[in-house]
Amino acid sequence: MSITSLVAMSVGEIVDAYAAGELSPVEVTQTVIEHSEATNVAVNALFSLRPEEALATAQASEARYRAGTPAGVLDGIPVTVKDSVAMVGWPYTHGIAANRDQPASTYNSPPALALMETGAPIFAKTTMPDCGLMASGISSLHGVTRNPWGLSWNTGGSSAGAGASVAAGMGFLSVGTDIAGSVRLPAAHCGLASLKPSHGRVPHLPPDTMRMAGPMGRRVEDIARMLTVLTRPDERDTWSFPGDGMQYHRHLERDLKGLRIGVLTDMGFGPKPEPAVRAAVEAAGRLLESAGAIVEPFVSPLDHDAYAPIDLYLQVRGFVEYSDLPPHDSNGINHYVRDWALQGASHSGEDLFRSLGAITRMKAALLAAFEGWDYVIAPTLPVVNFPAEEPGVSREVPLAHTVFTALFNQTGQPASTICTAFDDRHLPIGIQIIGHRCDDLGVLQVTKALEDLRPVTMDWPLQPRA
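Just so we're clear, the structure is a prediction, and the values are computed from it rather than from any experiment.

Rules used in this analysis
Residues numbered from 1 in each chain as written. Predicted model: local features only at pLDDT ≥ 70, side-chain atom pairs only at ≥ 80, totals over all residues. Heavy atoms only, no water. Helix = DSSP H or I, 4+ residues; strand = E, 2+ residues; numbered from the N terminus. Rg over C-alpha atoms; globule rule 2.2 N^0.38 Å. Buried < 20%, exposed > 50% of the residue type's maximum accessible area, 1.4 Å probe, protein only. Contact = heavy atoms within 4.5 Å. Lys, Arg positive; Asp, Glu negative; His and termini not counted. Charge placed at Lys NZ, Arg CZ, Asp CG, Glu CD. Pairing = 2+ DSSP bridges. Phe/Tyr/Trp six-rings, centres within 6.5 Å; stacked < 30°, edge-to-face > 60°. 1 Å grid on protein atoms, 1.4 Å probe; cavity = no way out; pocket = protein on both sides within 12 Å on 5 of 7 lines; lining within 4 Å. Points joined across faces, edges and corners; volume = space filled by probe spheres on them. Nonpolar A, V, L, I, M, F, W, Y, C, P; charged D, E, K, R; others polar. Core = buried A, V, L, I, M, F, W, Y, C linked by side-chain atoms within 4.5 Å. Salt bridge = Lys/Arg side-chain N within 4 Å of Asp/Glu carboxyl O. Axes fitted to C-alpha atoms, helices over the stretch in contact; angles between N-to-C directions.

Caption draft 1: Summary view of the overall build of the chain. Broken down by element type, the chain carries 14 helices and 13 strands. For 466 residues, the compact-globule formula gives about 23 Å, and the C-alpha radius of gyration of the chain, at 21 Å, lands near that figure. A principal-axis box enclosing the C-alpha atoms of the chain has dimensions of 60 × 60 × 45 Å. The buried share of the chain, taken over its 466 residues, is 63%. Put simply, of all contacts in the chain between residues at least 6 apart along the chain, 79% involve residues at least 24 apart. Across the chain, 34 positive and 50 negative side-chain charges occur, with their mean positions spaced 2 Å apart.

Printed below as a string of C-alpha cells:
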C-alpha cells in the first residue's frame, strides 16, 4: 500500500487488516521507513533510524498474526519514541550537542518497554530541543526541526520531532514527554491528537513530580490505543499508578448531554490568545454545546504571574543539567537554553523553596476553581505559530508561551489536544481539553467528540509544504 492509503487508516483498521491477512506488518513497516527516509531530509524530525531492527520486529509480528497470537493492540504498528525516552543500546542525548558521544542507554524506560512488549516496531528516535527546556524545535545536536504544514514554521517542543514526524506520515504514533506542555504544544502546532495523562498514569524514568510521558498520533482512537499499552505499573517510577486494565480505545463514545464544560480564554496573566486562537476555542465550545453539553465561561482564579515560580524551578533544573554536561565548546548547548539556565545559579535554596510553596498555592486555587465543572477547554498555546528558527514567543523566557499548559503539569490533571481549526495560512490550531485527575478516559471521550464534530479536514502534509 502507498503511504497515502496507510495514513487514511486508523491504527485499529490496520491491526484488523493484519489479523485478516489483508496487510503485512513487514510491508507496512517497509513503506513507513522508506517514506520516512525520504521525508526526513526536509523535516529533520528523526534520528538514529534503524530499519533492520524495525523490520526484524515486524517479521516476528507477522508470524504472530499468522499464528493468531498477536502480542498486543499495537503489534506490528511502526512507532517512534522521543530522544529523552531511554532504550537499551540507543542514544540518549536530551537534544544536547555536548552529549553527542555519551554512551548509549543501559535501561529501558517503561514507555519503550511497553511498546517493545506489544510488538510495535520502533524504527527511530525523535528530535527535541536542549534539555527539553524550550517549547520549539531547535536543538544544538539535531538542528532545526521543521513543521510539515509549512517548513518555515515551528513544530513547538519539546517533543518537536514527534509532532512533525507523525504529521508527515513518518510513523503512526510517537511517545512524547511533557514537563510544561511538551506533548500538547507540538501536537497543536502539527495538527495532532495527544494526551498528557494524569500524573502517574504512564510510568516513566527518571521519576518526576511534573513530567509525564504521553501518546501523540493523528486520531484520538490511535492515541487511546497507545495509552492502553502505556498504562501499566512500574515500581521504578515511584509515582506510578496500579494497573487498571482499561482498554481506552474501546470506550471512546459518550453522550455529552448535561456535562458542564468551561471555556477558558484568559489565564489571568501572561500572553493573551491571538484572535484566531480565541475564535477557535469559542467555536469548539459551541460544537460541544450543540452536542448537549452545558458550556459557559470558566474564569481563572489567578490574578498574578503563576508561571514565574515554575520558571524559577525549571531554571534551577536547567542549570543543574548544564553543570553536569561533559566538557564542551560554545556550540555544545543551545545558547538560548544556556543563557536562561545560567540564571539558575543566582537562586538560593530559600528561593527554590518559596517557589515550590507558590506552586502549591496555585495548584490549590486552580483545583478549587475546577469544582463544579466536568471539563474545561482552553487554548493549547496563545499563538498559532512562530518562525522555525525562534526559541519561542520570547527569547528571554523560552517557555513563556506555555501559560495555558504548564500549570496543569503541576496539578497533575489529564489534558489533551485536538486540532479543530486552521488559520488563514492553513496552520493548525489546537484546542486543549482538561479534566479532573484520573479521568483520562473522560478527557479522551470529550476529545473524540470534538474530533467528530470539527468542521475541518486533516489533509496530512505527507509531502512537506514550503
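Caption draft 2: Quick peek at the pairing of strand 10 (residues 294–297). The pairing of strand 9 (residues 260–263) with strand 10 spans 4 bridges and is parallel. The residue of strand 10 that forms the bridge with Val263 is Pro297.

Caption draft 3: Spatial organisation of unusual backbone geometry. A cis amide bond links Gly157 to the next residue, Ser158, at an omega of 10 degrees. The omega torsion of the bond from Leu205 to Pro206 falls at -10 degrees, within 30 degrees of zero and hence cis. In this structure, Pro206 sits in the loop between strand 7 (193–196) and strand 8 (212–217). Of note, Ser48 is a non-glycine position whose phi angle comes to about 50 degrees, a positive value. Classification of Ser48 as partly exposed rests on a relative accessible area of 22%. Look at Cys131: it is not a glycine, yet its phi comes out positive at around 65 degrees. Structurally, Cys131 is set in the loop between strand 3 (122–126) and strand 4 (138–139). The class of Cys131 is buried, set by a relative accessible area of 6%.

Caption draft 4: Structural view of the packing of aromatic side chains. Under the defined criterion, the tally for this structure stands at 6 aromatic pairs. When the centroid spacing of 5.3 Å and the interplanar angle of 55 degrees are considered together, the rings of Trp149 and Phe422 count as tilted. Of this pair, Trp149 sits in the loop between strand 5 (143–144) and helix 6 (160–167) while Phe422 is found in strand 12 (residues 415–422), placing the two residues 273 residues apart along the sequence. For the residue pair Trp149 and Phe422, the accessibility class agrees, reading buried in each case. One aromatic cluster is present, built from ring pairs that chain together Phe298, Phe370, Trp373 and Phe408.

Caption draft 5: Up close: the layout of surface pockets. Looking at the largest pocket, its volume works out to about 580 Å³. In terms of lining, the largest pocket is formed by 28 residues, of which the most central are Tyr92, His94, Cys131, Pro206 and Glu321. Those elements that place two or more of their residues in the lining of the largest pocket are strand 6 (173–178) and helix 10 (308–323). Considering every element that reaches the lining of the largest pocket, the biggest residue donor is helix 10, with 3 residues. Grouping the amino acids of the lining of the largest pocket by side-chain chemistry returns 11 nonpolar, 10 polar and 7 charged. Thr209, Met210, Lys363, Asn409 and Gln410 are, among the 14 residues lining the second largest pocket, the residues nearest its centre. Elements represented by at least two residues in the lining of the second largest pocket include exactly helix 12 (349–370) and helix 13 (406–411).

Caption draft 6: View of the nonpolar core. Counting 94 residues, the largest nonpolar core has Leu74, Ile77, Leu115, Leu288, Ile377 and Leu444 as its most contacted members. It is helix 8 (residues 220–230) that contributes the most residues to this core, 7 residues altogether. Excluding anything up to four places from it in sequence, Leu444 contacts Leu195, Val220, Ile223, Ala224, Leu227, Tyr248 and Leu252. By size, the runner-up hydrophobic cluster in this structure holds 47 residues, among which are Ala188, Leu264, Trp340 and Leu366.

Caption draft 7: Spatial organisation of helix 5 (residues 110–118). Buried within helix 5 we find Pro110, Pro111, Ala112, Ala114, Leu115 and Thr118. Buried residues along helix 5 sit in contact with strand 2 (79–82), strand 3, strand 6, strand 8 and helix 8. Positioned one or two residues after helix 5, Gly119 has a phi angle of 85 degrees, which is positive.

Caption draft 8: Layout of the pattern of salt bridges. One pass over the structure, following the stated rule, counts 23 salt bridges. The shortest N-O distance in the salt bridge between Lys272 and Asp266 comes to 2.9 Å. Under the relative-accessibility criterion, Lys272 is labelled partly exposed at 45%. You can call Asp266 partly exposed: its relative accessible area is 33%. Put simply, Asp459 and Arg465 hold a salt bridge, and the shortest N to O gap is 3.3 Å. Among the residues examined, Asp459 registers a relative accessible area of 34% and is labelled partly exposed. One network of salt bridges, with partners in common, ties together Arg201, Asp244 and Asp440.

Caption draft 9: Representation of the sheet that holds strand 12 within the structure. What the 11 strands build is an open sheet, ordered 1-3-2-6-8-7-12-13-11-9-10; its pairing is mixed. The open sheet is flanked by strand 1 (46–47) and strand 10, the only strands paired with a single partner. Inspection of the sheet shows strand 11 (residues 375–379) paired to strand 13 (residues 428–435) by 5 bridges, in the antiparallel sense. Residue pairing across strands places Val376 opposite Ile434, the latter belonging to strand 13. Most of the contacts of helix 6 go to strand 8, to which it runs at about 20 degrees, and overall it touches strand 1, strand 2, strand 3, strand 6 and strand 8. Strand contacts of helix 9 (residues 275–290): strand 9, strand 10, strand 11, strand 12 and strand 13, with the helix running at about 155 degrees to strand 11, the strand carrying the most contacts.

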